[in-house]
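# Breakdown of the fold
If you want the building blocks of each chain, they are given just below.
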Amino acid sequence: MPELPEVETIKLGLEVLIVNQVVERIYLHRANLRWDIPKHLVTTLANQSVNKIRRRGKYLLIEFDVGTLIIHLGMSGSIKVLDSNTSLKKHDHFELVFANKKSMRLNDPRRFGAVLFSKDNTHPLLDNLGIEPLGELFDNEYLYTKSRKKQQNIKAFIMDSKIIVGIGNIYACESLHKAGIHPERKAVSINKKYYATLTKCIKEILSRSIAAGGTTLQDFSAVDGKPGYFSQTLLVYGRKNEKCTQCGCKIVCITQSQRSTFYCKHCQQ
Ligand SMILES: [Zn+2]
């Protein structure tokens, strides 16, 4: 599943390739993904120039004078920018063809992704999002303050997008290991010092991953269509029964909220 670093990597790639480019044609090769794709995009975006690309959580926001195209990659979405005469692939569901004969295509086999539109930069999906993990609002006090009445476990707490956006399963496991916090600890039980460490670890891990081009577990491709297999060393995620890089103990895998959690019993207390 594309997580925040992947989406940020795509954003950076798209900035180079499509900002200031004019949309010539819009294709809805399919009427719906998770929700219906607005049919009016075919006319609304025609002859519009891309002003800016932003990311909010895992949403890509492509801004035009007439409004903002909101894209979410869901479980299996990917975006490529190719020559417009390149033949379509199976699951290429949405396409913008630019005047420079390049084509931006959204491919999404499982169709949990979304293509939506907002005239005024607001949308119910964006309105209740928590703060950005790489933004200034995410300081040493934030998680501590927000966690004071939270009985849920720390992993669920940092994955709650109403608190903080973009920390998916992989980065939650990795950050908790780096900070030395057991994933089953109640959020309320963790002290200020550990929250400060966790905050630093989250920022470090996400930044390092963005620098490496996103963590790639499956078939992620860079937006220019070249294969982009970036990998960074994961400390615990996907390493069940392998040795912890810190202490040599076996990494354990448990299930929390139907998701796999990997951790080290020795390093994370
Ligand atoms: Zn360990």
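A quick note: this is a predicted structure, and the numbers were derived from the prediction, not measured.

## Observations concerning the overall build of the protein chain
- Scanning the protein chain from terminus to terminus reveals 7 helices and 10 strands.
- Against the 2.2 N^0.38 benchmark of 18 Å for 269 residues, the protein chain shows a C-alpha radius of gyration of 20 Å, consistent with a compact globule.
- C-alpha extents for the protein chain along the principal axes are approximately 55 × 35 × 30 Å.
- Counting only contacts in the protein chain whose residues sit at least 6 apart along the sequence, the fraction spanning at least 24 positions is 64%.

## Details of the pairing of strand β4 (residues 67–72)
- Direction of pairing for strand β3 (residues 59–64) relative to β4: antiparallel, over a ladder of 6 bridges. What sits directly across from L60, in β4, is I71.
- Turn length for the β3-β4 hairpin, with the two strands adjacent in sequence and antiparallel, is 2 residues.
- Relative to strand β8 (residues 114–118), β4 runs antiparallel, the two sharing 5 bridges. Looking at the pairing, I71 lines up with V115 of β8.

## A short note on the nonpolar core
- One finds V115, C173 and V236 to be the most contacted residues of the largest nonpolar core, which totals 60 residues.
- For this core, the element with the most residues is helix α6 (residues 169–179), which contributes 6 residues.
- Counting residues domain by domain, this core receives three or more from each of domain 1 (4–127) and domain 2 (142–264).
- If sequence neighbours within four positions are ignored, C173 has contacts with V236, Y237, T261, F262 and Y263.

## Notes on the domain arrangement of the protein chain
- Domain boundaries assigned for the protein chain yield domain 1 (4–127) and domain 2 (142–264).
- Here the C-alpha centroids of domain 1 and domain 2 sit 28 Å apart.

## What to know about the sheet that holds strand β6 (residues 92–98)
- Strands sit in the order β1-β6-β7-β5 across an open sheet of 4 strands; the sheet is antiparallel. For this open sheet the edge positions go to β1 (23–28) and β5 (78–83), each flanked by a neighbour on one side alone. Between one strand axis and the next, the sheet turns by 20 degrees as a mean value, whatever way the strands run.
- Packed on one face of the sheet, helix α1 (residues 4–18) meets β5, β6 and β7 (102–107) and runs near 25 degrees to β5.

## Observations regarding the confidence of the model for the protein chain
- Here the protein chain averages 91 in pLDDT, while 93% of its residues score no lower than 70.
- Within the model, the stretch residues 226–230 combines pLDDT values under 50 with 10 contacts to residues more than four positions away or in other chains.

## A short note on the packing of α6 against helix α7 (residues 192–211)
- Where α6 meets α7, the closest approach of the two axes is 8 Å, and the angle between their N-to-C directions is 130 degrees. Here α6 is positioned oblique relative to α7, judged by the angle of their axes. Both α6 and α7 take part in a crossing whose hand is right-handed. Along the contact surface, α6 presents Y171, E174, S175, K178 and A179, while α7 presents Y194, T197, L198, C201, I202, I205 and L206.
- Grouping the amino acids of the contact of α6 with α7 by side-chain chemistry returns 8 nonpolar, 2 polar and 2 charged.

## Re α7
- Along its 20 residues, α7 runs 29 Å from first to last C-alpha, staying within 8% of the 28 Å computed at 1.5 Å per residue.
- Along α7, the residues that are buried comprise Y195, L198, T199, I202, I205, L206 and S209. One side of α7 carries all its buried residues, which in axial view fall inside an arc of 140 degrees. Set apart from the buried face of α7 by more than 90 degrees, the exposed residues are K193 and A211.
- Packed against the buried residues of α7 are α1, α4 (142–146) and α6.
- Looking one or two residues beyond α7, the residue adopting positive phi is G213, at roughly 90 degrees.

## Things to note about the sheet that holds β3
- Strand order in the open sheet formed by 4 strands is β2-β3-β4-β8, and the pairing between neighbours is antiparallel. Each edge of the open sheet carries a strand with a single partner, namely β2 (52–56) and β8. Here the strands of the sheet are splayed against their neighbours by 25 degrees on average, with no regard to which way each runs.
- Against the sheet, α1 touches β2 and β3, its axis set at about 175 degrees to β2.

Reading the values: the criteria
Residues numbered from 1 in each chain as written. Predicted model: local features only at pLDDT ≥ 70, side-chain atom pairs only at ≥ 80, totals over all residues. Helix = DSSP H or I, 4+ residues; strand = E, 2+ residues; numbered from the N terminus. Rg over C-alpha atoms; globule rule 2.2 N^0.38 Å. Contact = placed C-beta atoms within 7 Å. Pairing = 2+ DSSP bridges. Core = buried A, V, L, I, M, F, W, Y, C linked by C-beta atoms within 7 Å. Buried ≥ 20, exposed ≤ 12 C-beta atoms within 10 Å, placed from the backbone. Domains from an automatic or database assignment. Axes fitted to C-alpha atoms, helices over the stretch in contact; angles between N-to-C directions. pLDDT = per-residue confidence, 0-100. Parallel < 35°, antiparallel > 145°, perpendicular 65-115°, else oblique. Left-handed = near helix turned anticlockwise from the far one by under 90°. Nonpolar A, V, L, I, M, F, W, Y, C, P; charged D, E, K, R; others polar. Expected span 1.5 Å × (residues − 1). Arc of directions from axis to C-beta.

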